Amino acid sequence: MGALRDVIRKVWAGVFFVQFRFLSKKRVIPLNTDFGFSRGTPIGRYFIDEFIARYEEKVQGSCLEFGDDRYRSAFPHVTRYEIFSVKPGPKVTLLGDIHNPSDSLYGAFDWIVCTQVFEHLARPHEAAKQVFSMLKGGGRLLITVPFINLVHRDPMDYQRFTEDGLRSTLESAGFYVERLYSRGCFTTSVGALMGLVVSDFSASELAPNDCYFPYTVLACAQKRYDQLMT
């Protein structure tokens with residue numbers, strides 16, 4: 001029975017690959033190279049939105065988000081919300097380099113939100129130390145990074161992260177990692193590379209996680225009071 005099952009799997013895989021090669025040759029796939037934004041909600045953002053929603057009621061006080069204000073509306077209890085970016089923008093309130101922020105930002109924030117940023121950094125370990133310094137004692141960082149992702153230079157694209165890689169980066173900066181996990185599986189990861197979006201999948205297809213083919217790695221890390229920088 002096992003041998004028959006293996007034969008059937010190989011046949012199906014062969015049929016799929018023939019179709020895949022044909023569609024790729026005809027440039028039918030990938031459907032796009034913009035993460036699916038032109039078609040709907042990208043799979044990666046579905047996982048990140050799900051992660052951010054876990055902290056909706058917990059994020060309070062002063063908060064900094066890197067890049068843009070994508071998640072400002074997700075946190076109704078913040079009293080101060082700053083947007084930090086290397087380039088000017090209509091909603092950017094703080095300009096600078098994450099590797100070398102202004103001294104005035106040290107110990108300034110209760111929460112920092114950093115989604116899909118570290119893959120664009122040439123020196124992520126150094127940047128993590130600076131993010132650590134920008135938090136108050138007891139402050140927390142919400143961070144997400146891609147593992148399987150198309151190249152997207154903004155302005156550069158340097159690396160991808162495994163769970164082990166992100167944990168090492170955070171812990172070497174002084175963080176206590178409270179929660180770290182990955183989301184996505186073979187089906188969603190391959191689908192994302194093909195340009196598929198959330199609406200192309202059922203809830204049951206989006207739910208599984210696969211340690212071999214995660215799409216995104218997510219973590220909440222804390223600057224504990226006993227880790228305050230001198």
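Owing to the predicted nature of the structure, the values given are computational and were not obtained by experimental measurement. (Residues numbered from 1 in each chain as written. Predicted model: local features only at pLDDT ≥ 70, side-chain atom pairs only at ≥ 80, totals over all residues. Heavy atoms only, no water.)

> It is not clear to me how the overall build of the protein chain should be interpreted in this structure. Could you clarify?
What the protein chain contains, in helices and strands, is 6 helices and 7 strands. Each helix and strand of the protein chain, ordered N terminal to C terminal, gives the series α-α-β-β-β-β-α-β-α-β-α-α-β. Principal axes of the C-alpha set define a box for the protein chain whose edges measure 65 × 40 × 30 Å. Among the 230 residues that make up the protein chain, the fraction classed as buried is 44%. Partitioning the contacts of the protein chain with sequence separation of at least 6, the portion at a separation of at least 24 is 71%. Side-chain charges of the protein chain comprise 27 positive and 25 negative groups, with the mean position of each set lying 6 Å from the other. (Helix = DSSP H or I, 4+ residues; strand = E, 2+ residues; numbered from the N terminus. Buried < 20%, exposed > 50% of the residue type's maximum accessible area, 1.4 Å probe, protein only. Contact = heavy atoms within 4.5 Å. Lys, Arg positive; Asp, Glu negative; His and termini not counted. Charge placed at Lys NZ, Arg CZ, Asp CG, Glu CD.)

> Can you help me understand the packing of helix α3 (residues 124–134) against helix α4 (residues 163–172) in this one?
Two quantities define a packed helix pair, namely the angle between the axes and the distance from one axis to the other. One way to put it is that α3 packs onto α4 with a least axis distance of 8 Å and a crossing angle of 50 degrees. Taken together, α3 and α4 sit at an angle that is classed as oblique. Considering how the two elements wind past one another, α3 and α4 form a crossing that is right-handed. Contacts between α3 and α4 involve P124, H125, A128 and K129 from the former and S168, T169 and S172 from the latter. In the contact of α3 with α4, the residues fall into 2 nonpolar, 4 polar and 1 charged. (Axes fitted to C-alpha atoms, helices over the stretch in contact; angles between N-to-C directions. Parallel < 35°, antiparallel > 145°, perpendicular 65-115°, else oblique. Left-handed = near helix turned anticlockwise from the far one by under 90°. Nonpolar A, V, L, I, M, F, W, Y, C, P; charged D, E, K, R; others polar.)

> What should I look at first to understand the packing of aromatic side chains in this one?
Aromatic rings considered in pairs are described by the distance between their centres and by the relative angle of their planes. According to the stated counting rule, one finds 7 aromatic pairs in the structure shown. Relative to F213, the ring of F186 lies with its centre 5.0 Å away and its plane at 75 degrees, an arrangement referred to as edge-to-face. Of the two residues, F186 sits in helix α5 (residues 186–193) while F213 sits in the loop between α6 (203–206) and β7 (216–222), which places them 27 residues apart along the sequence. What links up through ring pairs into an aromatic cluster is the set F51, Y55, W111 and Y181. A cation over a ring is seen here: K223 above F132, with NZ or CZ 5.0 Å from the ring centre. Over the face of the ring belonging to Y176 we find R224, whose NZ or CZ atom lies 4.5 Å from the ring centre. (Phe/Tyr/Trp six-rings, centres within 6.5 Å; stacked < 30°, edge-to-face > 60°. Lys NZ or Arg CZ within 6 Å of the ring centre and 35° of its normal.)

> Honestly, the pairing of strand β4 (residues 109–115) in this entry has me stumped. Any pointers?
Consecutive side chains of a regular strand alternate in pointing toward one face of the sheet and then the other. Burial analysis of β4 places 6 of its 7 residues in the buried class, the great majority of the element. Of the strand pairs in this sheet, strand β1 (residues 61–66) and β4 are connected by 3 bridges, and their pairing is parallel. The residue of β4 that forms the bridge with C63 is W111. Direction of pairing for β4 relative to strand β5 (residues 135–146): parallel, over a ladder of 6 bridges. Across the sheet, T115 pairs through a bridge with T144, a residue of β5. At this point the chain moves from β4, through α3, to the parallel β5, and the crossover so formed is right-handed. (Pairing = 2+ DSSP bridges. Right-handed = clockwise from strand over helix to strand, strands pointing away.)

> For this particular structure, what's the right way to read the layout of surface pockets?
In this approach a probe as big as a water molecule rolls over the atoms, and the regions it shows empty are the leftover space. Taken as a whole, the largest pocket encloses approximately 890 Å³ of empty space. Every residue lining the largest pocket is counted, 34 residues in all, and those nearest its centre are G67, Q116, V117, H120 and D154. Of all elements in the fold, only α2 (43–53), β1 and β2 (78–85) reach the threshold of two or more residues within the lining of the largest pocket. Considered class by class, the residues forming the lining of the largest pocket number 14 nonpolar, 10 polar and 10 charged. (1 Å grid on protein atoms, 1.4 Å probe; cavity = no way out; pocket = protein on both sides within 12 Å on 5 of 7 lines; lining within 4 Å. Points joined across faces, edges and corners; volume = space filled by probe spheres on them.)

> Honestly, α5 in this entry has me stumped. Any pointers?
One full turn of an α-helix is made of 3.6 residues, so residues set three or four places apart face in the same direction. Looking only at α5, the buried set comprises T188, S189, G191 and A192. Along the axis of α5, the buried residues cluster in a sector spanning 165 degrees; they form a single face. Check the buried side of α5 and you find it contacts α2 and α6. (Arc of directions from axis to C-beta.)

> Quick question: what am I supposed to make of the environment of V18 here?
If you trace the backbone, V18 turns up in helix α1 (residues 2–25). In sequence terms V18 and F66 are 48 residues apart; their C-alpha atoms lie 43 Å from each other.

> So what exactly am I meant to see when it comes to a nonpolar patch on the surface here?
Residues L4, V7, I8, V11, W12 and V15 make up a contiguous nonpolar surface patch of about 590 Å² in total accessible area. In this structure, I8 sits in helix α1. (Patch = residues over 30% accessible without salt bridge, like charges linked within 9 Å, V, L, I, M, F, W, Y side chains within 5 Å. Areas by Shrake-Rupley, 256 points an atom, 1.4 Å probe, with all protein chains shown as cover. Salt bridge = Lys/Arg side-chain N within 4 Å of Asp/Glu carboxyl O.)

> Teacher, can you tell me more about the side chain of T188 here?
Tracing the backbone through its elements, the reader meets T188 in helix α5. Among the polar contacts listed, one links the side chain of T188 to the backbone nitrogen of C185, at a separation of 2.9 Å. Among residues more than four places away in sequence, those in contact with T188 are I43, F47, F201, E205 and L206. (Polar contact = N/O pair within 3.5 Å; in protein donor to acceptor, adjacent residues only side chain to side chain.)

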